[in-house]
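Now for the letters of each chain:
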Amino acid sequence: MGEQKRSLLRQLYLPAILCTALWGSAAPCVKRGYELFAVSADAPFSQLVFAGWRFALAGILVLLVTRLKGHRIVPKRDEIKPILAISLFQSMLQYVCYYIGLSGTTGTKGSVLSGTQTFFALLLAHCLLPNDKLNRRKTLGCICGFAGVLALGLGGLNGFNLTGDGLVLLSAVSAGAGALVSRIYTPGRDPMLLTGWQLLIGGCFLLGVSTAGGGALGRVTLGGVLLLGYMIALSAAAFTIWTALLGKFPVGKVSLFGFLIPVFGTLFSALVLGENIFTARNLAALVLVSGGIAVANSASTKK
């Protein structure tokens, strides 16, 4: 039993927490990037230029690492459909909504709304995958985690606007669907190859849309380039690890850790954007989210 817990800690818990920490830092970094690259809130196509370079270069980085490890990087015919399906939900739809929506909300608020992707992933998996149903403990953990997300937002959402909050929420729906698609297509395939190509294709799509719309970065500075470099590494690492986890574990078990995204997002919003986070609701959210993850995963550990 002890060895099983240690194995889960190494193979699932720590990698999943790392991914959510990286994604939690994304919202404040994107908003900071808009400042450094002089991208205004009313310039959606310029926002997509920033997103496009991030994901296209992240895809190239993943493919380079894949090649250096001695793996093939040219997809087979039966891998093209999975790559396109994953890219559609995890890079194209998700980040068109996310980057445009984030310009109309705060870093903390964007992180809170992004955390709901777990809820959508669990519901979609329950409805569409016969071996990934919601059980009593998983449902309780989901309720606790979602309550944590709501607790984090109470008093801080300041209303709901469709062009900002609504688009970020739609990106969370797309992310939940992307987790389901990854679970279906990843088993038996190289997660790095799938990740590299889906990021590259998604990034090129975003660059194409932004170019057609006349988008451009306002200025390029050393600080902006360094921040973009961090976000490229963030995307390459997080998407590769998350895709691999979805190929080994049920969607519900992996996606539940997504409730940590708003917790990390709130912390990084304080560090990067100077937002005030030391409130009672933030502490309550941390307890609820952590407790929910522990409860939901305890069922599988006992089995």
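Residues numbered from 1 in each chain as written. Predicted model: local features only at pLDDT ≥ 70, side-chain atom pairs only at ≥ 80, totals over all residues. Heavy atoms only, no water.

Looking at an unreviewed UniProt entry, one finds the protein named DMT superfamily metabolite exporter and attributed to Butyricicoccus faecihominis. Recorded in UniProt under Sequence similarities (unreviewed entry), the annotation for the protein is "Belongs to the EamA transporter family." In UniProt, the protein has this text filed under Subcellular location (unreviewed entry): "Cell membrane". (UniProt positions renumbered as here; feature names shortened; annotations may be inferred.)

Points about the packing of aromatic side chains
In total, this model carries 14 aromatic pairs according to the counting rule given. For the pair Y34 and F50, a centre-to-centre distance of 6.1 Å together with 65 degrees between the ring planes defines the contact as edge-to-face. Pair noted here: Y34 is in helix α2 (residues 26-36) and F50 is in helix α3 (residues 44-68), with a separation of 16 residues, a long-range link. Accessibility classification places Y34 together with F50 in one group, the buried group. On the numbers, 4.3 Å between centres and 40 degrees between planes, the contact of F55 with Y95 is tilted. In this pair, F55 is assigned in helix α3 and Y95 in helix α4 (residues 77-102), connecting sequence segments 40 residues apart. Like F55, the residue Y95 is buried in the burial classification. Three or more aromatic residues joined by ring pairs make a cluster, and in this case those are W23, Y34, F37, F50, F55, Y95, Y98, Y99, F239 and W242. (Phe/Tyr/Trp six-rings, centres within 6.5 Å; stacked < 30°, edge-to-face > 60°. Helix = DSSP H or I, 4+ residues; strand = E, 2+ residues; numbered from the N terminus. Buried < 20%, exposed > 50% of the residue type's maximum accessible area, 1.4 Å probe, protein only.)

Describing the UniProt feature "transmembrane region" (unreviewed entry) in the protein
When the UniProt feature table is mapped to this numbering, "transmembrane region" (unreviewed entry) covers residues 50-68, 80-101, 107-128, 140-160, 197-218, 224-247 and 254-274. Structurally, residues 50-68 comprises 100% helix and 0% strand, and the distance from its first C-alpha atom to its last is 27 Å. The annotated region residues 197-218 carries 73% helix and 0% strand content, and the separation between its end C-alpha atoms amounts to 28 Å.

Details of unusual backbone geometry
Despite not being glycine, A38 has its phi angle at roughly 55 degrees, a positive value. Residue placement: A38 occurs in the loop between α2 and α3.

Things to note about the nonpolar core
Judged by nonpolar contacts, the single largest core of 60 residues is most densely connected at W23, Y98, Y99 and W242. In terms of residues, this core owes the most to one element, helix α10 (residues 222-248), which gives eleven residues. Leaving out residues up to four positions away in the same chain, Y98 has contacts with A26, A27, V30, S114, L167, V168 and S171. In this structure, I83, A85, L193 and L194 belong to the second largest nonpolar core, which totals six residues. (Core = buried A, V, L, I, M, F, W, Y, C linked by side-chain atoms within 4.5 Å. Contact = heavy atoms within 4.5 Å.)

Some remarks on the environment of K31
Considering the arrangement of structural elements, one finds K31 in helix α2. Look at K31 and you get buried, because its relative accessible area is 18%. Along the chain, K31 and V272 lie 241 residues apart, while their C-alpha atoms are 9.3 Å from each other.

Some details on a nonpolar patch on the surface
Together, W53, L57, I60 and L64 make up a nonpolar patch on the protein surface, roughly 360 Å² of accessible area in all. Inspection of the secondary structure assignment puts L64 in helix α3. Exposure remark for L64: the relative accessible area of 51% places this residue in the exposed category. (Patch = residues over 30% accessible without salt bridge, like charges linked within 9 Å, V, L, I, M, F, W, Y side chains within 5 Å. Areas by Shrake-Rupley, 256 points an atom, 1.4 Å probe, with all protein chains shown as cover. Salt bridge = Lys/Arg side-chain N within 4 Å of Asp/Glu carboxyl O.)

Examining helix α9 (residues 191-212)
Over its 22 residues, α9 extends 31 Å from the first C-alpha to the last, a length consistent with the 32 Å expected when each residue adds 1.5 Å. Its side-chain oxygen at 3.0 Å from the backbone nitrogen of M192, D190 defines the N-terminal cap of α9. Immediately beyond the C-terminal end of α9, within one or two residues, lies G214, with a positive phi of roughly 80 degrees. (Expected span 1.5 Å × (residues − 1). Polar contact = N/O pair within 3.5 Å; in protein donor to acceptor, adjacent residues only side chain to side chain.)

Remarks on the pattern of salt bridges
Under the definition given, this model contains two salt bridges. E35 is paired through a salt bridge with R32; the nearest N and O atoms lie 2.5 Å apart. Here E35 pairs with R32, and both are found in helix α2, just three residues apart, close to one helical turn. Take R32: its relative accessible area is 33%, and that puts it in the partly exposed class. The partner of E79 in a salt bridge is R72, with the nearest N and O atoms 2.7 Å apart.

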